[in-house]
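A structural walkthrough
One letter stands for each residue in the lines below.
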Amino acid sequence: MATAEKPKYKVIGTRPIRHDGVDKVTGRAQYGADVRLTGMLYASMLRSPHAHAKITKIDTSKAEALPGVRAVLTSADLPEQGDRIVELGEGAVNMRHLSANVLARDKVLYRGHAIAGVAADNIHIAQEAVKLIEVEYEVLPPVLDVRKAMKADAPVLNDDVRTESLGSHPADDDNSKPTNVAKHFVFASGDVEAGFAEADVIVEREYTTATVHQGYIEPHNATVQWNADGKVTVWMSTQGTFSARQQTAELHRIPVSDVKVIPMEIGGGFGGKISVYLPPVAAGLSQKTGRPVKLIMDRTDVFEATGPTPGSYVRVKLGVKKDGTITAGDAWVAFEAGAYPGSPIAPGCMCVFSCYNVPNGHVEGFDVCVNKPRTNAYRAPGSPNVAFATESVVDEICEKIGMDPIEFRLKNAAKEGVRRVDGPVYGRVGMVETVEAIRDSNHWQSPLEGPNRGRGTATGFWFNCGLKSAATATVNYDGTVSLLEGSTDIGGSRVSLAMQTAETLGIPAEAVKPTVGDTDAVGFTDVTGGSRVTFATGIACIEAARDIIRQLETRAALIWECDASAVSYEDGGLNGPDGARMSFVEIAGKLHATGGSIVGRGTSSEADQSGAFGTHAVDVEVDPDTGKVQILRYTIAQDAGTAIHPSYVEGQLQGGVVQGIGWALNEEYWYDDKGSMRNPTYLDYRVPTCYDVPMIETIIVEVPDPGHPYGVRGVGEVPICPPQAAIANAIYAAVGVRMRDLPMSPPKVCKAILEKRAEGNGAS
């Protein structure tokens, strides 16, 4: 769906076959587990059986004596880090905490916390040796709930954590003693008290969300060769080769130039494959043995010891006039950081009111350590948690004032010139267009019939980022272009980058041959995250193509014996004096005669995105006897700016929705009172299957982002933000119960229905 007259593109907006498609469907694509090196050793990890304990002694002697064992690594083998904060592209990290997360030092802070690694001739010996390592623990009480962890008498996880206040008065926080509250944010605008005094209707509600995993299929992996010359090579599946290089180098206190990371294909990440867990351990074992070492997690390790998204507690209060105008908003947000500080509390606080014009707002947020694995990004980190709360409150308000939820959103929508509570003013954005697209959709216009059925809607936002990217493009003599870029490909970014390069050069997408380079082959490129790749790395590729054009114009001038200013490039070829014309293929064939190879170079570091919105509609049917929620129909409308490859845009939208459905209805880390996760496999951690979701209908809205030459907006993260609230609103429409705790699993929904019935019987 176009919201304005679109520019006429030849490549952009088409649907070419993806460049890596054949390798993927034939099984030839090489993933991390496929690495095989001469003399390679296999490693296994010892992990903590306790959620919170002091380590009083580690004895590795029996493991080291086992035949076939070549090395054992503990935290004592890693350099001390001190208090060093390092920026990693999608967030900063305290290196002492990162090191302790890779291999526990004085304490274990969650079940599954890594303690030691063993390298052996085969994986079976390594696994047997791990069992021989003797560890003595002083078991401590765990704290698993974010609100309990904030209490003064809660067990403290990290002795070095003090509350860092941002936007609040220092006196608001007690920094004299260790605490689980790592950060305290406050954002404010306008006069909140006056805003609520002006309101005719005020709704305030509390919401909780469970810890949820990204659910990628491929487990974490790393194969590392620490060479005799001190150079370290890492083969791994990662969302950011340069981030992985930096983390590995920093943890071993060696120069980043001594580490090369070679990206393998990646079987999903969604934010969970940015932090490193295995490369530093495999590197240390390789250094000790002089041989390459492979280390792969099993599924239980992935669940128990890698970063899920945080569980959270959110309280939202909104005030509105009778005509639906929002007058004020207040939010109190606490996110679980897991074992070490670093939850996405800042973006959560920025997103809580991001879909609306809230003239008077106050948002308070807390980053809180609990005895769970350190949290990581997961598609729009922080935004789904708060969208669940705000969009649910909006639905209640619409019911109270008798206003259609679509009209409420249109009346209060974020748009160009609106200032968010946290400060920034929106540029050209497309929330209104996504709401209108749902309003006008066949889905919204169709009747919903039958008992226990309901329809809900919700809107979500994500900033989308820019950051830094680099690319080079080499013109081949047959008229093709070899494109080298540094963004690991998770969702088909090779083809989107090749298409932007091809569009700029005026050649077919198939004529561009994209390759993801290692850290020695391409310029610094930030992580594949933040919905930044098609935008930012796309700009780098466009710049590389423009650099090629400038050089081609100079070469053509040599051939035509004219000034370069007399040559122009358009429509895939060069125009010269007196009607002279050469196609891209023709000039490419003359490179030898005009000076040799042409290599275009491009970077992007200044451009940033203005954010993206999506609005969803969902129909559900609720079984009143079991509480099971069945999704009947789902439609998503999202502003993609400009859809480079519509098929992959649709795929991103559909994938995000399915993950949001899982988060809404079934997915959660289930812990016992000792802090042990009781469902650390896909047998018990319930992700949606084809039986749980219908075909997700997509409406691509295109409101071009002025920060990109072709108007691109990232699309990968917004789709996961609205489903939880949209489904909650639909459940209410179906059976009249407001669900405020995720997941809305059958037992919870059934309990709410029974309580509603009991209240009705009592009233009668």
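Above this text sits the structure in question.
Each chain has its residues counted from 1, following the order in which its sequence is written. In view of the model being predicted, local features appear only for residues whose pLDDT reaches at least 70, and side-chain atom pairs are presented and counted only at 80 or more, with totals across whole chains, interfaces and linings using the full set of residues. The basis for the side-chain values is all heavy atoms of the structure; hydrogens and waters are excluded.

A few words now on the pairing of strand β7 (residues 114–120). Of all 7 residues in β7, 7 are buried; the element is thus mostly enclosed. Being paired, for any two strands, means DSSP has found at least two bridges between them. Counting from the N terminus, the helices are the DSSP runs of H or I reaching at least four residues and the strands are the DSSP runs of E reaching at least two. With 6 bridges connecting them, strand β1 (residues 41–47) and β7 associate as antiparallel partners. Across the sheet, residue Tyr42 finds its bridge partner in β7, namely Ala120. As paired strands, strand β3 (residues 69–74) and β7 are joined by 5 bridges and run antiparallel to one another. The residue bridging Leu73 from the neighbouring strand is Gly117, located in β7. Think of it in three bands: with a 1.4 Å probe and only protein chains considered, a residue is buried below 20% of the maximum accessible area for its type, exposed above 50%, and partly exposed in between.

Take the packing of helix α18 (residues 646–665) against helix α19 (residues 723–735) next. Axis definition: a line fit to C-alpha positions, over the contact stretch in the case of helices; interaxial angles, taken between N-to-C directions, run 0 to 180 degrees. For the pair α18 and α19, interaxial distance at closest approach is 8 Å and the crossing angle is 55°. Considering the angle they form, α18 stands oblique to α19. Between α18 and α19 lies a crossing whose hand is right-handed. Packed against α18, whose contacting residues are Val657, Gly660, Ile661, Trp663, Ala664 and Leu665, the element α19 presents Pro723, Gln724 and Ile727 at the interface. Each residue belonging to the contact of α18 with α19 can be placed in one class, and the counts come to 7 nonpolar, 2 polar and no charged. Relative orientations are named as follows: roughly parallel for angles under 35 degrees, roughly antiparallel for angles over 145 degrees, roughly perpendicular for angles from 65 to 115 degrees, and oblique for any other angle. A crossing counts as left-handed when the near helix is turned anticlockwise from the far one by less than a right angle, and as right-handed when that turn is clockwise. We call two residues contacting when some pair of their heavy atoms lies within 4.5 Å. Three classes are used: nonpolar for Ala, Val, Leu, Ile, Met, Phe, Trp, Tyr, Cys and Pro, charged for Asp, Glu, Lys and Arg, and polar for all others, with Gly counted as polar.

Okay, the sheet that holds strand β23 (residues 568–570) next. The strands making up a sheet associate through hydrogen bonds between their backbones, and the pairing can be parallel or antiparallel. Read from one edge to the other, the open sheet built from 3 strands follows the order β23-β24-β25, with strand pairing classed as antiparallel. Both edges of this open sheet fall to β23 and β25 (581–583), since each of them pairs with a single strand only. On average, adjacent strands in this sheet sit at an angle of 25° to one another, irrespective of strand direction. Looking at chain direction, strand β24 (residues 573–575) and β25 are connected through 3 bridges and run antiparallel. Along β25, the bridge assignment pairs Asn575 with Arg581. Here helix α16 (residues 533–560) sits on the sheet and contacts β23, β24 and β25; the angle it forms with β24, its principal contact strand, is near 50°.

The disulfide criterion used throughout: a pair of cysteine sulfur atoms within 2.5 Å. Inspection of the entire model under this criterion finds 0 disulfides. For the unlinked cysteine Cys465, the closest cysteine sulfur is that of Cys351, found at 12 Å.

Quick look at the pattern of salt bridges now. A side chain of one charge can pair with a side chain of the opposite charge when the charged atoms of the two come close. Here, a salt bridge means any Lys or Arg side-chain nitrogen found within 4 Å of an Asp or Glu carboxyl oxygen. If you walk through the whole model with that rule in mind, you get 40 salt bridges. As a salt-bridge pair, Asp547 and Arg550 come within 3.9 Å of each other at their nearest N and O atoms. Highlighted residues: Asp547 and Arg550, both in helix α16, separated by 3 residues, approximately one helical turn. Counted as one network, the salt bridges with shared partners bring together Arg18, Asp20, Lys24, Glu265, Asp489 and Arg494.

Core analysis: the biggest nonpolar cluster contains 105 residues, and Phe408, Ile731 and Met744 have the highest contact counts within it. Among all residues touching Ile731, those that are not within four sequence positions of it are Val620, Val622, Val629, Gly736, Val737, Met739 and Met744. By nonpolar core we mean a set of buried residues, namely Ala, Val, Leu, Ile, Met, Phe, Trp, Tyr and Cys, connected to one another through side-chain atoms within 4.5 Å. Among the nonpolar cores identified, the runner-up in size contains 43 residues, and Ala471, Leu483, Ala511 and Ile542 belong to it.

Moving on to the environment of Thr60. Along the chain, the position of Thr60 falls in the loop between β2 (53–59) and α2 (61–65). Since its relative accessible area comes to 13%, Thr60 is described here as buried. Along the primary structure Thr60 and Thr528 are separated by 468 residues, whereas in three dimensions their C-alpha atoms are 38 Å apart. Once residues within four sequence positions are removed from consideration, Thr60 is found in contact with Val72, Thr74 and Ile133.

A few words now on the packing of aromatic side chains. In this scheme Phe, Tyr and Trp rings, the latter by its six-membered ring, pair at centre separations within 6.5 Å, and the angle between planes marks the pair as stacked below 30 degrees, edge-to-face above 60, and tilted otherwise. Inspection of the entire model under this criterion finds 18 aromatic pairs. Relative to Phe463, the ring of Trp462 lies with its centre 4.9 Å away and its plane at 65°, an arrangement referred to as edge-to-face. Across the pair, Phe463 and Trp462 agree in class, each one buried. Here the basic side chain of Lys317 rests over the ring of Phe196, its NZ or CZ set 4.3 Å away from the ring centre. The rule for a charge over a ring is simple: NZ of Lys or CZ of Arg within 6 Å of the ring centre, and within 35 degrees of the ring normal. Here the guanidinium or amino end of Arg738 rests over the ring plane of Tyr732, the centre of that ring lying 3.6 Å away.

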